[in-house]
Amino acid sequence: MSSPVLTIEDLRVSVEDKEIVKGLSLQIKGGEIHAVMGPNGTGKSTLASALMGHPAYSVTSGRVTLDGEDVLAMSVDERARAGLFLAMQYPAEVSGVSNANFLRTALNARRGEGNELPVIKFHRLLQQKMKDLNIDPSFAERYLNEGFSGGEKKRNEILQMSLLEPKIAILDEIDSGLDIDALKLVADAVNQLRSPQTGFLIITHYQRLLQYIVPDYVHVMMQGRIVKSGDKTLAEYLEANGYDTLKRELGIVDETVGAEA
Amino acid sequence: MSIKTSAHSPLVADLASRFQEAPWLVQQRERAFALYTSMPSPKLEKTDLRDRPWLVESIPSATTGGAGAAAQALLEGAKAAGGAYVYVRDGVTIETSLPHSLAKQGVVLLDLHTAVDQHPEWVRRHLYSVVPAEESKWAALNAALWHGGVFVHVPSGVRLELPIHFIYEETMTGKGGLPRSLIVVEDRASLSFAEAYLCHGERQEGVVHSAVTELVVGPDADVTAACLSRYGKGPTNFFTRRAKLADNASVDWVIGDVSDGFTVGLVESRLEGPGSKSTTRSFGVGYGRQRLDFTASMDHFGHHSESDITLMGVLRGRASSTYRSSTHIERGADEASSEQHDRMLMLGSRAQADAIPMLLIDENDVQRCGHAASVGRIDENQVYYLMARGIPRAEAERMIIWGYLQPLVDAFPVEPWRSEVASWIDGELNLR
Ligand SMILES: Nc1ncnc2c1ncn2[C@@H]1O[C@H](COP(=O)(O)OP(=O)(O)OP(=O)(O)O)[C@@H](O)[C@H]1O
Ligand SMILES: [Mg+2]
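Residues numbered from 1 in each chain as written. Chains lettered and ligands numbered in written order. Predicted model: local features only at pLDDT ≥ 70, side-chain atom pairs only at ≥ 80, totals over all residues. Heavy atoms only, no water.

J.: Sorry, what's going on with the overall build of chain A here?
T.: Tallying secondary structure elements over chain A gives nine helices and 12 strands in all. Relative to the compact-globule value of 18 Å for 261 residues, chain A shows a C-alpha radius of gyration of 18 Å, a close match. C-alpha atoms of chain A, sized along the principal axes, occupy 60 × 40 × 35 Å. For chain A, the residues scored as buried account for 52% of the 261 residues in total. Long-range pairs, those at least 24 residues apart, make up 71% of the contacts in chain A with a sequence separation of at least 6. Of the roughly 11400 Å² of accessible surface on chain A, 46% is carried by carbon and sulfur atoms. Within chain A, one finds 28 positive and 36 negative side-chain charges whose respective centroids are separated by 3 Å. (Helix = DSSP H or I, 4+ residues; strand = E, 2+ residues; numbered from the N terminus. Rg over C-alpha atoms; globule rule 2.2 N^0.38 Å. Buried < 20%, exposed > 50% of the residue type's maximum accessible area, 1.4 Å probe, protein only. Contact = heavy atoms within 4.5 Å. Areas by Shrake-Rupley, 256 points an atom, 1.4 Å probe, with all protein chains shown as cover. Lys, Arg positive; Asp, Glu negative; His and termini not counted. Charge placed at Lys NZ, Arg CZ, Asp CG, Glu CD.)

Below, the structure written as structure tokens:
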């Protein structure tokens, strides 16, 4: 199996006719971990949602390819089956659909017709993965995300990621709402998947997560663009100094999307 | 051509002679027929019946052909679930089967005509006692001309493990189905029954189907009453199902309708006894140009009586449904409590749903009365979430719809029938 490549070229994304992502380029290869940081409201989740194909976000120009395939031409489910995964900042709740049933349907959709995992094997795999993430076995039969705490929802996102083994995993604030033990479990799950077969885009506000998941690249987003890239020391610098020094250096007064440089 | 007002209706006379009926019954039929002809076809709150024709011409004495696919599946299900059933097609009793284990316990399961002969006191005491002829034009029609029907009697203290099934099938031979089920459950007894009403209605304009179920539940007895219906387009369909509960009795209704017909239905519990309890769980799937006006009602008379109503409707195409949950706490029903939950899901932009919660309270001392109603469409955020995990849209929608329906379908007490209903739902919602 060859190593995947996600290429984003000059991407522009609008919500309700307002441009949020304003020309963003980035390449993520299998084995690489890219962290995206940046103040609130600078377009990080918008980028993630647009890559996954959320209907509220329209791509007005630019190109996105996964292993040369045009991602923007694919429906949401096709993107997922092609190997794109987004751990969402706010996962939906679906009443009446058990977590296990959902996971099995998702996994079999990813594996493709004729290649479904037998039920027994699936349950064995699920139990193991749940144990790794310290998720109580009762969560298999609970309705999808319904009544889950913030941290439980995040762990459930990671459970899905480790079952689906995506080519490119985008994690949007996976660390929010996690206690320190859960943070380590989540980091373990990411590190376990870390291989030339998977590339990561990790959106976070906190250096703490990046101590456990050490990134190869760190990018800072402001006003819907990447304004600075560096290695892991950039994250350490931001943690120590905040965004103000960087803004001054770049001549940015208001970093949010609406404002212009 | 409809029947003119007549004290000596030829249709009543026909039934009286065909079944050699006792004078008391013939008199009741005549009285009901007079009521039927004198009552107007009304305009209900949400449904106008004034222009609906009432074609009541003749009562077939024979039926042709075999069981349809759905009836066949339910028959096999009834056999698999213990073999206690009655199968009626076009008003003609085809088969009655009571396993020895039930007969031994003194359970009576007969078609209603035979029961009038064999158990006249019981039938005379209870028939029309729960659903009287005067309550509506369609109740009067059934009271006058019911044919094909079931009688069940469960003696004191007998607690049945096996469910009893009634299958009523209306083919194109029939000129309007008028089945009547009379179920009497004595004190401390326990019964679970499942009733299905299958109508092949296509193109039978003007025909009227009116089904009635009367359920008499004695002190400390409990009943699970599960009713399925499939109505086709063309006829006007009515169902009236009511239970009367004595002290500490309990009745759990599970109602499922998968239809594209024009239907007015009522399911009601009269909580007469102190401490009596009832629940109604109902799921409806409407498609085509279905029109359903459905009321689930709880009428509290008894001290400390309790009720709970959950209604769930899924509508596609141009279906239009009104689901009314109605709770009436009468004076004297002190410390009564009730809950109502209504959820409607519309698929596509042309389906319509109304959820009407009603609460009438004539008693000051009430424990709790809650209601929640929602009418909406499939949540696109949920669809997106499932699709983001590789699940195609159609499958994602199917999962979400079944997420709504599953808890109610699962409440249906007979497993083989449950899977049959699931396949109807998948078929009609194009989910297969
Ligand atoms: N669905 C939407 N409808 C309307 N506005 C939106 C929508 N999604 C994003 N926006 C707007 O786009 C801008 C960027 O939002 P986005 O969620 O991408 O920021 P973010 O960088 O992820 O912020 P945070 O760090 O707070 O999560 C904000 O002004 C936000 O209000
Ligand atoms: Mg965000």
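Structure's up, so let's keep going.
J.: So what exactly am I meant to see when it comes to the overall build of chain B here?
T.: Secondary structure summary: chain B contains 10 helices and 19 strands in total. Over its C-alpha trace chain B gives a radius of gyration of 21 Å, about what one expects of a compact globule, namely 22 Å for 432 residues. At a minimum sequence separation of 6, the contacts of chain B that also span at least 24 residues come to 81%. For chain B, the computed accessible surface area is about 15400 Å², with 48% contributed by carbon and sulfur atoms. Positive and negative charge centroids in chain B, built from 42 and 54 side chains respectively, lie 6 Å apart.

J.: Whenever I open this one, the coordination of the magnesium ion (ligand 2) confuses me. Can you help?
T.: By definition of the ideal shapes, a tetrahedral metal site with four donors has angles of 109.5 degrees and an octahedral site with six donors has angles of 90 or 180 degrees. Residues and elements named next belong to chain A. Only S45 (OG) and Q89 (OE1) from the protein reach the magnesium ion (ligand 2) as donors, at distances of 2.0 to 2.3 Å. Here S45 is found in helix α1 (residues 44-52), whereas its partner Q89 is found in the loop between β6 (84-87) and β7 (94-98), with 44 residues between them in sequence. Classification of S45 by relative accessible area gives partly exposed; the value is 25%. A residue is classified by how much of its surface remains accessible, and Q89, at 18% relative accessible area, is buried. (Donors = N, O, S within 2.8 Å, 3.2 Å for Na, K, Ca; no water.)

J.: How should the site of ligand 1 be read in this particular structure?
T.: Residues and elements named next belong to chain A. Residues in contact with ligand 1 amount to 13 residues; listed here are only the nearest, K44, S45, T46, Y57 and H205. Residue G43 places a main-chain N or O atom 3.1 Å away from an oxygen atom belonging to ligand 1. With the chains in place, 68% of the 630 Å² that ligand 1 exposes on its own is no longer accessible. With three residues, the single largest contributor to the shell around ligand 1 is α1. Its residues placed into classes, the shell around ligand 1 shows three nonpolar, eight polar and two charged. (Near = heavy atom within 4 Å. Polar contact = N/O pair within 3.5 Å; in protein donor to acceptor, adjacent residues only side chain to side chain. Nonpolar A, V, L, I, M, F, W, Y, C, P; charged D, E, K, R; others polar.)

J.: Please explain the sheet that holds strand β10 (residues 199-203) of chain A as it appears in this structure.
T.: Two orientations exist for strands paired in a sheet by backbone hydrogen bonds: parallel and antiparallel. Residues and elements named next belong to chain A. Ordered by their spatial adjacency, six strands build an open sheet running β6-β9-β10-β3-β11-β12, and the pairing between neighbours is mixed. Whereas interior strands pair on both sides, the edge strands pair on one side only; in this sheet they are β6 and β12 (225-230). Here the strands of the sheet are splayed against their neighbours by 20 degrees on average, with no regard to which way each runs. Against the sheet, α1 contacts β3 (33-37), β6, β9 (168-172), β10 and β11 (217-222), and its axis sits at roughly 145 degrees relative to β6. On top of the sheet, helix α8 (residues 232-241) reaches β3, β11 and β12; it is set at about 50 degrees to β11, its chief contact. (Pairing = 2+ DSSP bridges. Axes fitted to C-alpha atoms, helices over the stretch in contact; angles between N-to-C directions.)

J.: I'm lost on the interface of chain A and chain B in this one. Help?
T.: The extent of an interface is frequently quoted as the accessible surface area lost upon association of the parts. With 31 residues of chain A at the contact, the number on the chain B side is 17 residues. For the pair chain A and chain B, the summed buried area comes to about 1900 Å², and 68% of that belongs to carbon and sulfur atoms. Counting the contacts that link chain A with chain B gives one salt bridge. Note that R389 of chain B and E157 of chain A form a salt bridge whose closest N and O atoms lie 2.7 Å from each other. (Buried area = accessible area lost by both parts, 1.4 Å probe. Salt bridge = Lys/Arg side-chain N within 4 Å of Asp/Glu carboxyl O.)

J.: Whenever I open this one, the pairing of strand β6 (residues 180-185) of chain B confuses me. Can you help?
T.: Successive side chains on a regular strand alternate, one facing one side of the sheet and the next facing the other. All names here are of chain B. Of all six residues that make up β6, six are buried, and the element is covered over most of its length. Alternating residues of β6 divide into R180, L182 and V184 and S181, I183 and V185, and every residue in both groups is buried. In the sheet, strand β4 (residues 149-154) pairs with β6 via six bridges, with the strands oriented parallel. Following the sheet pairing, V154 is matched in β6 by V185. In terms of strand pairing, β6 meets strand β8 (residues 208-217) through six bridges, oriented parallel. Bridge pairing in β8 links R180 to V212.

J.: Sorry, what's going on with helix α8 (residues 380-387) of chain B here?
T.: Residues that lie three or four places apart on an α-helix share one face, since the helix turns once every 3.6 residues. Residues and elements named next belong to chain B. Burial runs high along α8: six of the eight residues are buried. Listed as buried for α8 are Q382, V383, Y384, Y385, L386 and M387. The N-terminus of α8 is capped by D379, whose side-chain oxygen sits 2.8 Å from the backbone nitrogen of N381.

J.: What should I look at first to understand the packing of helix α1 (residues 10-18) of chain B against helix α2 (residues 23-38) of chain B in this one?
T.: A pair of packed helices is captured by two measures, namely the crossing angle of their axes and the spacing between those axes. Residue and element names in this part refer to chain B. For the pair α1 and α2, interaxial distance at closest approach is 10 Å and the crossing angle is 160 degrees. Between α1 and α2, the interaxial angle falls into the category roughly antiparallel. Of the two possible hands of crossing, α1 and α2 adopt the one that is right-handed. Contacts from V12, L15 and A16 of α1 reach α2 at V26, R29, E30 and F33. A breakdown of the residues in the contact of α1 with α2 according to their chemical character gives five nonpolar, no polar and two charged. (Parallel < 35°, antiparallel > 145°, perpendicular 65-115°, else oblique. Left-handed = near helix turned anticlockwise from the far one by under 90°.)

J.: How do you make sense of the packing of aromatic side chains when you look at a structure like this?
T.: Each aromatic ring pair is summarised here by two numbers: the centre-to-centre distance and the angle between the ring planes. Considering all chains together, one arrives at 13 aromatic pairs over all chains under this definition. Their ring planes at 20 degrees and their centres at 5.9 Å tell us that F102 of chain A and Y385 of chain B sit as a pair that is stacked. One end of the pair, F102 of chain A, is in helix α3 (residues 99-111); the other, Y385 of chain B, is in helix α8, on a second chain. Of the two residues, F102 of chain A and Y385 of chain B, neither departs from the other in class, the shared state being buried. Their ring planes at 35 degrees and their centres at 6.3 Å tell us that W122 of chain B and F151 of chain B sit as a pair that is tilted. With W122 of chain B in helix α6 (residues 120-126) and F151 of chain B in strand β4, this pair connects stretches of sequence that are 29 residues apart. (Phe/Tyr/Trp six-rings, centres within 6.5 Å; stacked < 30°, edge-to-face > 60°.)

J.: I tried to follow the environment of P357 of chain B on my own but got confused; where do I start?
T.: All names here are of chain B. Along the chain, P357 turns up in strand β18 (residues 352-361). Classification of P357 as partly exposed rests on a relative accessible area of 28%. Apart from the residues within four sequence positions on either side, P357 is in contact with S325, Q340, D342, H371 and A373.

J.: Could you clarify how one ought to interpret the side chain of T47 of chain B in this entry?
T.: Residues and elements named next belong to chain B. In this structure, T47 sits in the loop between α2 and α3 (69-80). Given the relative accessible area of 3%, T47 is considered buried. Among all residues touching T47, those that are not within four sequence positions of it are P42, F262, V264, R291 and D293.

J.: Would you explain the pattern of salt bridges in this entry?
T.: Residue and element names in this part refer to chain A. Within this structure, the stated rule accounts for 29 salt bridges over all chains. The shortest N-O distance in the salt bridge between E19 and R12 comes to 3.0 Å. Salt bridges sharing common partners tie together D244, K247 and E255.

J.: I keep staring at the nonpolar core and nothing clicks. Help me out?
T.: Within soluble globular proteins, side chains that are nonpolar tend to cluster in buried spots. The biggest cluster of nonpolar side chains holds 116 residues, and the ones touching the most others in it are L171 of chain A together with L386, L405, W417 and I425 of chain B. With nine residues, helix α9 (residues 393-409) of chain B is the largest single contributor of residues to this core. If you look at the next biggest cluster of nonpolar residues, it comprises 52 residues, including V86, V154, L191 and L271 of chain B. (Core = buried A, V, L, I, M, F, W, Y, C linked by side-chain atoms within 4.5 Å.)

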